[in-house]
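A look at the structure
Single-letter residue listing:
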Amino acid sequence: MKLPCPASFVLALTALLVSKAQGAAVKPEGPATPEMLAAMNRMSEAGIVEGRRGSLTFFRWSGAKPPTLVRLGLWGGKIDNPLLALASTMPELEGVSLYETSVDDEGIRALVKLPKLRSVEVLPIERYEKQGFGPTQWSYPFVKLRADRPRLTGKALQVLAQVKTLESLDLQDAQLQSRDLALLSSWPKLGSLGLPNEVDDETVKHLQACRRLSTLTLGNREITAEELRRLAGWHSLRKLVLTCAKLSGDALEALAGLTTVQRIELIDCGLTDEHLEHLRGSPMLAELALPRNEINGPALAHLAKLKLKSLGLEFNNLRDETLKDLVPLTNVEDIRLSYCFGVTDRGIQSGALQSMSNLKRLALRGLKQVTDASVDDLAKLRNLEHLNIRQNGITTNGFARLKQAMPKTTVFK
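Residues numbered from 1 in each chain as written. Predicted model: local features only at pLDDT ≥ 70, side-chain atom pairs only at ≥ 80, totals over all residues. Heavy atoms only, no water.

Of regular secondary structure, the protein possesses 11 helices and 15 strands. Here the C-alpha radius of gyration of the protein, 23 Å, is about what a compact globule of 413 residues would show, namely 22 Å. Buried positions account for 51% of the 413 residues belonging to the protein. Nonlocal contacts in the protein, meaning residues at least 24 apart in sequence, comprise 58% of its contacts between residues at least 6 apart. (Helix = DSSP H or I, 4+ residues; strand = E, 2+ residues; numbered from the N terminus. Rg over C-alpha atoms; globule rule 2.2 N^0.38 Å. Buried < 20%, exposed > 50% of the residue type's maximum accessible area, 1.4 Å probe, protein only. Contact = heavy atoms within 4.5 Å.)

Attention now goes to the side chain of Asp377. With respect to the helices and strands, Asp377 occurs in helix H10 (residues 375-378). For Asp377, the residues in contact, after removing those within four places along its chain, are Ile348, Gln349 and Gln354.

This part covers the confidence of the model for the protein. Low pLDDT means the predicted coordinates in that region are not meant to be read closely. On average, residues of the protein score 91 in pLDDT, and 92% of them reach the 70 mark or higher. Segment residues 1-28: pLDDT under 50, and 41 contacts once partners within four positions in sequence are set aside and those in other chains are kept. (pLDDT = per-residue confidence, 0-100.)

Time to look at the packing of aromatic side chains. One pass over the structure, following the stated rule, counts 9 aromatic pairs. With a centroid separation of 6.0 Å and an interplanar angle of 85°, the aromatic rings of Tyr128 and Phe315 are classed as edge-to-face. Placement of Tyr128 in the loop between strand S4 (119-123) and helix H4 (154-160) and of Phe315 in the loop between strand S11 (310-312) and strand S12 (334-336) is noted, with a sequence separation of 187 residues between them. Site record: aromatic cluster; members linked through ring pairs are Phe58, Trp75, Tyr99, Trp138, Tyr140 and Phe142. (Phe/Tyr/Trp six-rings, centres within 6.5 Å; stacked < 30°, edge-to-face > 60°.)

When a strand is regular, its side chains alternate between the sheet's two faces. The element strand S9 (residues 263-267) is extensively covered by neighbouring structure, given that 5 of its 5 residues are classed as buried. Burial along S9 is two-sided: Arg263, Glu265 and Ile267 and Ile264 and Leu266, pointing in opposite directions, are all buried. As defined by bridge partners, strand S8 (residues 239-243) adjoins S9 across 5 bridges and the pair is classed as parallel. Looking at the pairing, Leu240 lines up with Ile264 of S9. Crossover handedness for the path S8 to helix H7 (residues 249-254) to S9: right-handed. The pairing of S9 with strand S10 (residues 287-289) spans 3 bridges and is parallel. Looking at S10, one finds that Arg263 is bridged to Glu287. (Pairing = 2+ DSSP bridges. Right-handed = clockwise from strand over helix to strand, strands pointing away.)

To continue, consider the environment of Met406. Turning to its location among the elements, Met406 is positioned in the loop between helix H11 (396-405) and strand S15 (410-412). For the pair Met406 and Met284, spaced 122 residues apart in sequence, the C-alpha to C-alpha distance is 33 Å. What Met406 contacts, discounting residues up to four positions off in sequence, is Leu378, Ala379, Leu381, Leu384 and Leu387.

One pass over the structure, following the stated rule, counts 24 salt bridges. In this structure, the salt-bridge partner of Arg221 is Glu227, at a minimum N-O distance of 2.9 Å. Since its relative accessible area comes to 1%, Glu227 is described here as buried. As a salt-bridge pair, Arg263 and Glu265 come within 2.7 Å of each other at their nearest N and O atoms. A relative accessible area of 17% places Arg263 in the buried class. The class for Glu265 is buried, based on a relative accessible area of 12%. Residues participating in the shared-partner salt-bridge network are Lys239, Arg263, Glu265 and Glu287. (Salt bridge = Lys/Arg side-chain N within 4 Å of Asp/Glu carboxyl O.)

Now for unusual backbone geometry. In this model, Lys65 is joined to Pro66 through a cis peptide bond whose omega is -5°. Looking at the element boundaries, Pro66 is found in the loop between strand S1 (58-61) and strand S2 (69-75). One non-glycine residue with positive phi stands out, namely Lys307, at about 55°. The residue Lys307 is located in the loop between S10 and S11 in this model. One non-glycine residue, Gln391, lies in positive phi territory at about 60°. Using a relative accessible area of 39% as the deciding quantity, one classes Gln391 as partly exposed.

Dropping the structure here:
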């Protein structure tokens, strides 16, 4: 057997240690150069939080052989301009995410040197936690908020305007003004955008100037009905995401005016059953996601008027007895009930889901009280194409029984 040379062996071993340190899918053969490996180690060290295992820094690799590093995520105040500059050793990067870092307008120049860059995110750290629920992915409530952290401004947009390959730009943790958005037309491929500033008439004008732009994300503040009404004039809008937003009943009703929108996501907005009475949708709306809210279930029947094909209810308060309120949603083909811990075997056995004849996709991830006792009842969902039972109470034996009973269904365990 041919042994690797010492340098190659050290390179592979160190890369493996980096992988174990921060939990990303780093492959030992991944780092292309010693300089890249050294940069990864420094970035990983900067993502370590005292008293916590591992590092918040993440690396994502392509499936090529050898793999290439295509995505980089950096968290916290230890990430500064010189550290981000080390991204120049990673020329295959397609996406960079920065979460409450110390990178400023000048530091963002490092991204201009990445020839394949398609996505840039500058986001606040998610600190979502809910009693009785496990932590959600990429949510770190233990990271202290730094109110005095540097914030990117319109000057950063001027720098990024040199990157013509950008397709997605999310700047929710920046500080922008409407006039800064005149630069949006600099990116001919831009399809998705996240903004921190209030939507005024000038903002809408600049959004309309981006021919490929169809997805908008707003959040981390109160979003008014007037802002949403302004968006009604933007006819290429197809997807709207509102996250960590305060929404009045009037604002929810204003969503009906977005006649071109096909998907709406209202994430961690404190929505209750009472809010569902105000939720409106246009004839084009087919997908609605309401994760991380406080919905108990009885008012779900109000959504029947929306003619939805897809409904996401992850991390809400649904219970066995409220599954029946999903039955009037006769058009729904995709329901996500993951981490709705009030749903147990009793709810699955009630027959409510089985009566939804159009149901093709069902997610029950994280439901510990859905066990092998539900296997026979899940098998009655004859039209299912996809079933997610990861992290719930169904055993390996129950999984095998499901696979045998549902040969045409893709079951994720």
